[in-house]
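Topology and contacts: notes
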Amino acid sequence: MQISQIEGKIDTYIIEFYRKLNTTSKIYSIKKEILKNKLEMANLLENIKDKTYVSSVIKNIIFNSGVKIDEFNFSGFDVKGLRYNNHYSVKVTGQIYNILKLLENIEYENEWLSLDSYSISFNENGLINMSFNLTAYGRVK
(Lines give C-alpha, C1' and ligand atoms only; values in the text may rest on other atoms or scores of the structure.)
Protein backbone atom coordinates (compact mmCIF):
# COMPACT_ATOMS: atom_id res chain seq x y z
CA MET A 1 0.00 0.00 0.00
CA GLN A 2 2.84 2.34 0.86
CA ILE A 3 4.55 1.47 -2.40
CA SER A 4 1.44 2.34 -4.42
CA GLN A 5 1.11 5.66 -2.52
CA ILE A 6 4.77 6.47 -3.25
CA GLU A 7 4.29 5.52 -6.91
CA GLY A 8 1.23 7.81 -7.03
CA LYS A 9 3.27 10.67 -5.57
CA ILE A 10 6.08 10.01 -8.06
CA ASP A 11 3.59 10.14 -10.93
CA THR A 12 2.20 13.41 -9.59
CA TYR A 13 5.71 14.87 -9.25
CA ILE A 14 6.61 13.77 -12.77
CA ILE A 15 3.47 15.39 -14.19
CA GLU A 16 4.18 18.59 -12.23
CA PHE A 17 7.82 18.55 -13.38
CA TYR A 18 6.82 18.37 -17.06
CA ARG A 19 4.18 21.06 -16.55
CA LYS A 20 6.81 23.40 -15.04
CA LEU A 21 9.29 22.47 -17.76
CA ASN A 22 6.70 23.36 -20.40
CA THR A 23 5.98 26.67 -18.63
CA THR A 24 9.70 27.45 -18.47
CA SER A 25 10.01 26.71 -22.17
CA LYS A 26 7.13 29.10 -22.90
CA ILE A 27 8.77 31.81 -20.77
CA TYR A 28 12.03 31.46 -22.68
CA SER A 29 10.11 31.61 -25.95
CA ILE A 30 8.31 34.79 -24.84
CA LYS A 31 11.57 36.38 -23.67
CA LYS A 32 13.17 35.52 -27.02
CA GLU A 33 10.21 37.10 -28.88
CA ILE A 34 10.41 40.25 -26.71
CA LEU A 35 14.13 40.57 -27.40
CA LYS A 36 13.52 40.08 -31.12
CA ASN A 37 10.84 42.80 -31.04
CA LYS A 38 13.12 45.21 -29.16
CA LEU A 39 15.92 44.64 -31.65
CA GLU A 40 13.51 45.09 -34.55
CA MET A 41 12.23 48.32 -33.03
CA ALA A 42 15.74 49.69 -32.45
CA ASN A 43 16.61 48.78 -36.04
CA LEU A 44 13.40 50.36 -37.26
CA LEU A 45 13.98 53.62 -35.41
CA GLU A 46 17.49 53.81 -36.85
CA ASN A 47 16.32 52.99 -40.38
CA ILE A 48 13.12 55.02 -40.44
CA LYS A 49 14.21 56.67 -43.70
CA ASP A 50 14.19 53.29 -45.48
CA LYS A 51 10.55 53.35 -46.56
CA THR A 52 10.70 49.80 -48.00
CA TYR A 53 11.84 48.37 -44.66
CA VAL A 54 9.34 50.40 -42.64
CA SER A 55 6.52 49.47 -45.04
CA SER A 56 7.28 45.76 -44.69
CA VAL A 57 7.23 45.99 -40.86
CA ILE A 58 3.89 47.84 -40.94
CA LYS A 59 2.43 45.30 -43.38
CA ASN A 60 3.48 42.49 -41.02
CA ILE A 61 1.69 44.22 -38.14
CA ILE A 62 -1.44 44.51 -40.28
CA PHE A 63 -1.27 40.88 -41.49
CA ASN A 64 -0.69 39.65 -37.92
CA SER A 65 -3.94 41.35 -36.94
CA GLY A 66 -5.80 39.06 -39.33
CA VAL A 67 -7.10 41.70 -41.74
CA LYS A 68 -6.67 41.86 -45.51
CA ILE A 69 -4.82 44.81 -47.02
CA ASP A 70 -6.78 46.32 -49.91
CA GLU A 71 -4.49 49.35 -50.44
CA PHE A 72 -1.19 50.39 -48.92
CA ASN A 73 0.38 53.66 -50.04
CA PHE A 74 3.38 55.67 -48.90
CA SER A 75 2.10 59.26 -48.72
CA GLY A 76 5.37 61.06 -48.08
CA PHE A 77 7.59 62.11 -45.21
CA ASP A 78 8.54 65.14 -43.18
CA VAL A 79 11.06 66.06 -40.52
CA LYS A 80 9.97 67.87 -37.37
CA GLY A 81 12.77 68.64 -34.96
CA LEU A 82 14.66 65.40 -34.39
CA ARG A 83 11.76 63.27 -35.61
CA TYR A 84 11.50 61.75 -39.07
CA ASN A 85 7.91 60.90 -40.05
CA ASN A 86 6.75 58.48 -42.77
CA HIS A 87 3.09 58.85 -43.72
CA TYR A 88 0.91 56.06 -45.11
CA SER A 89 -2.66 55.68 -46.28
CA VAL A 90 -4.10 52.21 -45.86
CA LYS A 91 -7.35 50.40 -46.62
CA VAL A 92 -8.12 47.05 -45.02
CA THR A 93 -11.03 44.62 -44.73
CA GLY A 94 -11.71 42.25 -41.85
CA GLN A 95 -13.95 41.07 -39.06
CA ILE A 96 -14.64 43.42 -36.17
CA TYR A 97 -12.38 41.45 -33.83
CA ASN A 98 -9.44 41.72 -36.24
CA ILE A 99 -10.04 45.44 -36.86
CA LEU A 100 -10.01 46.04 -33.11
CA LYS A 101 -6.84 43.96 -32.79
CA LEU A 102 -5.24 46.08 -35.52
CA LEU A 103 -6.19 49.31 -33.76
CA GLU A 104 -4.76 47.97 -30.51
CA ASN A 105 -1.53 46.90 -32.23
CA ILE A 106 -1.10 50.35 -33.76
CA GLU A 107 -2.07 52.48 -30.77
CA TYR A 108 -0.74 50.49 -27.82
CA GLU A 109 1.76 47.86 -28.94
CA ASN A 110 3.93 49.93 -31.29
CA GLU A 111 5.08 53.22 -29.84
CA TRP A 112 6.62 54.28 -33.17
CA LEU A 113 3.23 54.24 -34.96
CA SER A 114 0.49 56.80 -34.71
CA LEU A 115 -3.01 56.52 -36.13
CA ASP A 116 -3.82 59.95 -37.57
CA SER A 117 -7.37 59.39 -38.82
CA TYR A 118 -9.66 56.54 -39.81
CA SER A 119 -13.08 55.74 -41.18
CA ILE A 120 -15.07 52.53 -40.91
CA SER A 121 -17.91 51.15 -43.01
CA PHE A 122 -19.70 47.82 -43.14
CA ASN A 123 -19.89 45.85 -46.38
CA GLU A 124 -22.59 43.42 -47.52
CA ASN A 125 -20.63 40.36 -46.29
CA GLY A 126 -20.71 41.56 -42.69
CA LEU A 127 -17.05 42.52 -42.82
CA ILE A 128 -15.68 45.95 -41.99
CA ASN A 129 -13.86 48.19 -44.43
CA MET A 130 -11.43 50.53 -42.72
CA SER A 131 -9.43 53.36 -44.26
CA PHE A 132 -6.79 55.08 -42.17
CA ASN A 133 -3.79 57.36 -42.24
CA LEU A 134 -0.78 56.26 -40.29
CA THR A 135 2.52 57.86 -39.29
CA ALA A 136 5.67 55.88 -38.51
CA TYR A 137 8.31 57.94 -36.79
CA GLY A 138 11.86 57.64 -35.63
CA ARG A 139 14.84 59.76 -34.82
CA VAL A 140 16.84 61.70 -37.39
CA LYS A 141 20.43 60.49 -37.62
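Residues numbered from 1 in each chain as written. Predicted model: local features only at pLDDT ≥ 70, side-chain atom pairs only at ≥ 80, totals over all residues. Heavy atoms only, no water.

Points about the nonpolar core
Ranked by size, the top nonpolar core spans 23 residues in total, and within it Ile58, Ile62, Val92 and Phe132 carry the most contacts. Of all elements in the fold, only helix H2 (51–64), strand S1 (68–80), strand S2 (83–94), helix H3 (96–109), strand S3 (113–122) and strand S4 (128–139) reach the threshold of two or more residues within this core. Excluding residues within four positions of it along the chain, Val92 makes contact with Ile62, Val67, Lys68, Ile69, Asp70, Ile99, Leu102, Ile128, Asn129, Met130 and Phe132. (Core = buried A, V, L, I, M, F, W, Y, C linked by side-chain atoms within 4.5 Å. Buried < 20%, exposed > 50% of the residue type's maximum accessible area, 1.4 Å probe, protein only. Helix = DSSP H or I, 4+ residues; strand = E, 2+ residues; numbered from the N terminus. Contact = heavy atoms within 4.5 Å.)

Quick notes on H3
Here H3 is 14 residues long and its end C-alpha atoms lie 18 Å apart, about the 20 Å a rise of 1.5 Å per residue gives. Taken as a whole, H3 has its buried residues at Asn98, Ile99, Leu102, Leu103, Asn105 and Ile106. In an axial view of H3, the angular spread of the buried residues amounts to 155°, which keeps them on one side of the axis. Exposed residues on H3 whose side chains face more than 90 degrees from its buried face are Ile96, Tyr97, Tyr108 and Glu109. On its buried face, H3 sits against H2, S2, S3 and S4. (Expected span 1.5 Å × (residues − 1). Arc of directions from axis to C-beta.)

A closer look at the pairing of S1
Looking at chain direction, S1 and S2 are connected through 11 bridges and run antiparallel. From the neighbouring strand, Ile69 faces S2, where its bridge partner is Val92. In sequence, S1 turns back onto S2 through a hairpin of 2 residues, with Gly81 there showing a positive phi of about 65°. (Pairing = 2+ DSSP bridges.)

A short note on H2
For H2, spanning 14 residues, the distance from its first C-alpha to its last is 20 Å, which sits close to the expected 20 Å at 1.5 Å a residue. For H2, the set of buried residues is Val54, Ser55, Val57, Ile58, Ile61 and Ile62. Buried residues of H2, seen end-on, are gathered within an arc of 165° and therefore sit on one face of the element. Projecting away from the buried face of H2 at angles above 90 degrees are the exposed residues Thr52 and Asn64. Immediately beyond the C-terminal end of H2, within one or two residues, lies Gly66, with a positive phi of roughly 90°.

Overview of the sheet that holds S2
An order of S1-S2-S4-S3 is seen for the 4 strands of this open sheet, with the pairing classed as antiparallel. Single-partner strands in this sheet number two, and they are S1 and S3. The average undirected angle you get between the axes of adjacent strands in this sheet is 15°. The sheet strands contacting H2 are S1, S2, S3 and S4, and the helix crosses S1 at an angle near 135°. On top of the sheet, H3 reaches S2, S3 and S4; it is set at about 15° to S4, its chief contact. (Axes fitted to C-alpha atoms, helices over the stretch in contact; angles between N-to-C directions.)

Distances and angles like these do not, on their own, reveal function.
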